Amino acid sequence: MKDKKFISVPVATAVGLGAIIGAGIFVLSGTTIALAGANALIAFVLVGVLAIIIAMELGELGSIMPHAKGASFSYIYEAFGSEMGFITGILLYFSFSTAIAAIALGFGSYLGSLVGLYTGYYPIIFAIILIFVLAIVNIVGIKKAAKADFYLVMVKLAILSIFVIAAVILAYTTKSLNTSNFVTPVAKDNISAIFAASIAVFFAYSGFQSISTFTSDVKGGANKAAKAIILSVVISMVFYILVVLALTLMVPASKYTISADPLAFALKYVHAPYSIYALVTIGALIATTSATLAMIMTSSRILYQIGDNKLLPKFFRNFNYKKDVSVNGVIISSLIGIVMLFSGNIYIIAAISNFGLLLSYLVASFAIIHFRRIKKFGTFKTPLYPFTIIAGIILLIVFILGMPREALDIGVVIILLLFMLYYFFIELKRDKVIKEELFK
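Criteria and thresholds
- Position labels on residues start from 1 in each chain and follow its written sequence.
- For this predicted model, a pLDDT threshold of at least 70 governs which residues receive local features, and a threshold of 80 or more governs which side-chain atom pairs are given and counted, while totals over whole chains, interfaces and linings are taken from all residues.
- Each side-chain value is worked out from all heavy atoms of the structure, with water and hydrogens disregarded.
- Put simply, DSSP H or I for four residues or longer makes a helix, DSSP E for two residues or longer makes a strand, and each gets a number counted from the N terminus.
- The rule is simple: take the accessible area with a 1.4 Å probe, protein chains only, and divide by the maximum for that residue type; under 20% is buried, over 50% is exposed, in between is partly exposed.
- In short, Shrake-Rupley with a 1.4 Å probe defines the accessible areas, and a residue's cover is counted only from the protein chains shown.
- In summary, the pairing rule links any two rings of Phe, Tyr or Trp, Trp by its six-membered ring, whose centres are within 6.5 Å, and it sorts them by plane angle into stacked for under 30 degrees, edge-to-face for over 60 and tilted for everything else.
- Contacts were defined at the residue level, with two residues in contact if any of their heavy atoms lie within 4.5 Å.
- Only protein atoms enter the 1 Å grid used here. Points where a 1.4 Å probe fits but cannot escape make up a cavity, open sets with protein on both sides within 12 Å along at least five of seven lines make up a pocket, and a residue lines them when an atom lies within 4 Å of a point.
- Grid points are joined across faces, edges and corners, and a volume is the space filled by probe spheres set on the points.
- Throughout, the ten residues Ala, Val, Leu, Ile, Met, Phe, Trp, Tyr, Cys and Pro are labelled nonpolar, Asp, Glu, Lys and Arg are labelled charged, and all others, Gly among them, are labelled polar.
- By this rule, a helix spans an expected 1.5 Å times one less than how many residues it contains.
- Under this scheme, a helix contributes an axis fitted over its contacting stretch, all axes are lines through C-alpha atoms, and angles between N-to-C directions fall in the 0 to 180 degree range.
- Roughly parallel here means an angle under 35 degrees, roughly antiparallel means over 145, roughly perpendicular means 65 to 115, and every remaining angle is called oblique.
- As used in this record, nonpolar core signifies buried Ala, Val, Leu, Ile, Met, Phe, Trp, Tyr and Cys residues forming a set joined through side-chain atoms within 4.5 Å.
- Patches were defined on residues exceeding 30% relative accessible area and lacking a salt bridge, with like-charge contacts within 9 Å and nonpolar side-chain contacts (Val, Leu, Ile, Met, Phe, Trp, Tyr) within 5 Å.
- When a carboxyl oxygen of Asp or Glu is within 4 Å of a side-chain nitrogen of Lys or Arg, the pair counts as a salt bridge.
- Counted as a polar contact is a pair of N or O atoms within 3.5 Å, where, for protein atoms, one must be capable of donating a hydrogen and the other of accepting one, and residues adjacent in sequence contribute only when both atoms are in side chains.
- A crossing counts as left-handed when the near helix is turned anticlockwise from the far one by less than a right angle, and as right-handed when that turn is clockwise.

It is worth spelling out the overall build of the chain at this point. Across its full length, the chain carries 15 helices and 0 strands. Within the chain, buried positions represent 60% of all 440 residues. Here the chain displays about 18,200 Å² of accessible surface, and carbon together with sulfur accounts for 71% of that area.

What follows is the structure, encoded as structure tokens:
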């Protein structure tokens, strides 16, 4: 009877897949092709490898602190204290609440395309309605939201499989398939273009962290939660590669632009039967719905955890333990998501979201080293330590340096503001300056 309170590994994996498969496949796959041409496949594989490394790290950290609800914030807070925890925690929260906008905008674009209202502010209006409805679903409670996500994920994986098969058939029957589809323009045939695409791709993989916000709720404990995290990344990586291949089979890489509905564009390009177009569009709506649902849930729990560690006012500690949901967190995250809908195109929104994610993953990698050094171990350990950690740190630094200027500027400004805000609050409560000796 007791086990009925827990979330099973398949359901936990589905929550991760729900957060990952949505923004990546249905929303950002076309953007990556627009940025890197056929080399988008390399970007998906490269970031997939990094995501697997980070997934293993979060699995280990989650097994060390199975009751933490704040994902990598909680691990960083425990490893390095309140200052680093506050800065990375707020950045991480801002990343996930911003991601709500990017994914919901994908929903609005697909719905607008389906009903013929894809111009002007219609996609944004549809996105706002989605965020409002899903905020209510989250307030109902995490376990009900997670179970709903499981069924949504099963449906969209089936639809994606149909899309891949249909793409192969359409490419063959319409004679759109030829080697020129995979030719990347000379201007994009370079490493910088691959890394530019990787920034968008990284956002697409980011959802697996949602599982680490409810590790203690997974049946079998932290070890099973770690396996669910890794499994969600591997499954997503396979589908990502298949879908990018399918898109390039139907449409030359040079035809893609930065847009929020690439699958719909590809099917229109080859004049696919309306039944296929409608089915895939419905799949996109389901995918972006479940991903938005997961992002609202994850961001609200991170905000609660920051408040619970007394780094934010009491208002943020409001938590309904009966329903296992941070009501105030859900409301605030949803409002931020709505505001961010007006901040730019899908790539800029994703890039802004990525800054906090990349930084939090980087510091979390050092947290693994910290806990290993003090011999604090969990039930799951990252394989091939320390080589996997070093590889992850190098890739994360490269991705941060390769981010769009707008995202870097915004990220640096936020970090400076958070530093000033943190020390302002410190100054209000302490009577004397704390002086640390860094060297003996």
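Remark: the centre distance and the inter-plane angle together describe each pair of aromatic rings, the angle taken between the planes. All told, the structure shown has 9 aromatic pairs when counted by the stated rule. Aromatic side chains F44 and Y240 sit 5.2 Å apart centroid to centroid with 70° between the ring planes, which places their arrangement in the edge-to-face category. With a gap of 196 residues between them, F44 in helix α3 (residues 40–64) and Y240 in helix α9 (residues 222–250) connect regions that are remote in the sequence. For the residue pair F44 and Y240, the accessibility class agrees, reading buried in each case.

Within the fold, N309 resides in the loop between α11 (274–308) and α12 (327–340). Looking at N309, the relative accessible area reads 19%, which means it is buried. If near-sequence neighbours (up to four positions away) are discounted, N309 is found in contact with F73 and Y77.

On inspection of all chains with the given rule, the structure shows 3 cavities of 30 Å³ or more. Of the pockets and cavities examined, the largest cavity occupies roughly 50 Å³. Taken together, L91, F94, S95, I352, F355, G356, A407, I410, G411 and I414 make up the full set of residues lining the largest cavity. Breaking the lining of the largest cavity down by element, the ones donating at least two residues are α5 (82–115), α13 (346–373) and α15 (405–429). Ranked by the residues each element gives to the lining of the largest cavity, the list is headed by α15, at 4 residues. Looking at side-chain class alone, the lining of the largest cavity contains 7 nonpolar, 3 polar and no charged residues.

One full turn of an α-helix is made of 3.6 residues, so residues set three or four places apart face in the same direction. Taking 1.5 Å of rise per residue, the 25 residues of α15 would be expected to cover 36 Å, and the 37 Å separating its terminal C-alpha atoms lies within 8% of that figure. Taken as a whole, α15 has its buried residues at A407, G411, I414, I415, L418, Y422 and I426.

At their nearest, the axes of helix α8 (residues 191–205) and helix α14 (residues 387–401) sit 9 Å apart, and the two run at 105° to each other. Overall, the two elements α8 and α14 adopt an arrangement that is roughly perpendicular. Between α8, through F195, S198, I199 and F202, and α14, the contact on the second element is made entirely by L396, V398 and F399. Here the residues of the contact of α8 with α14 sort into 6 nonpolar, 1 polar and no charged.

Moving on, we come to unusual backbone geometry. Each neighbour pair has its own omega, and for Y385 with P386 the value is 5°, a cis peptide bond. Of note in this structure, H271 is not a glycine but carries a positive phi near 55°. With respect to the secondary-structure elements, H271 resides in the loop between α10 (262–269) and α11. According to the relative accessible area criterion, H271 is exposed, its value standing at 69%.

Turning to the nonpolar core, a few remarks are in order. Across soluble globular proteins, nonpolar side chains show a tendency to be buried alongside one another. Counting residues in hydrophobic clusters, the biggest one holds 147 residues, and the most contacted among them are F163, F202, Y205, F208, M250, L263 and L267. With 16 residues, the single largest contributor to this core is α5.

Taken together, V115, L117, Y121, Y122, I125, I129, F132, V133, I136, V137, V140 and F342 make up a surface patch of nonpolar side chains, about 1,100 Å² in accessible area. Of all the elements, helix α6 (residues 122–140) adds the most residues to the nonpolar patch, at 8 residues. Relative to the assigned elements, Y121 resides in the loop between α5 and α6. In this structure Y121 comes out as exposed when scored by relative accessible area, which is 57%.

Here the focus is the side chain of S97. With respect to the helices, strands and loops of the structure, S97 is situated in helix α5. Within polar-contact distance, the side chain of S97 engages the backbone oxygen of F94 at 3.1 Å. Not counting residues within four places of it along the chain, the set of residues in contact with S97 comprises S299, S333, I336 and G337.

With that settled, the discussion passes to the packing of α3 against α14. Where α3 contacts α14, the axes come no closer than 10 Å and their chain directions differ by 125°. Comparing the axis directions of α3 and α14 gives the class oblique. Judged by the twist between their axes, the crossing of α3 over α14 is left-handed. Contact residues: L46, V47, L50, I53, I54 and E57 in α3; T388, I389, A391, G392, L395, L396 and F399 in α14. Along the lines of polarity and charge, the residues of the contact of α3 with α14 split into 10 nonpolar, 2 polar and 1 charged.

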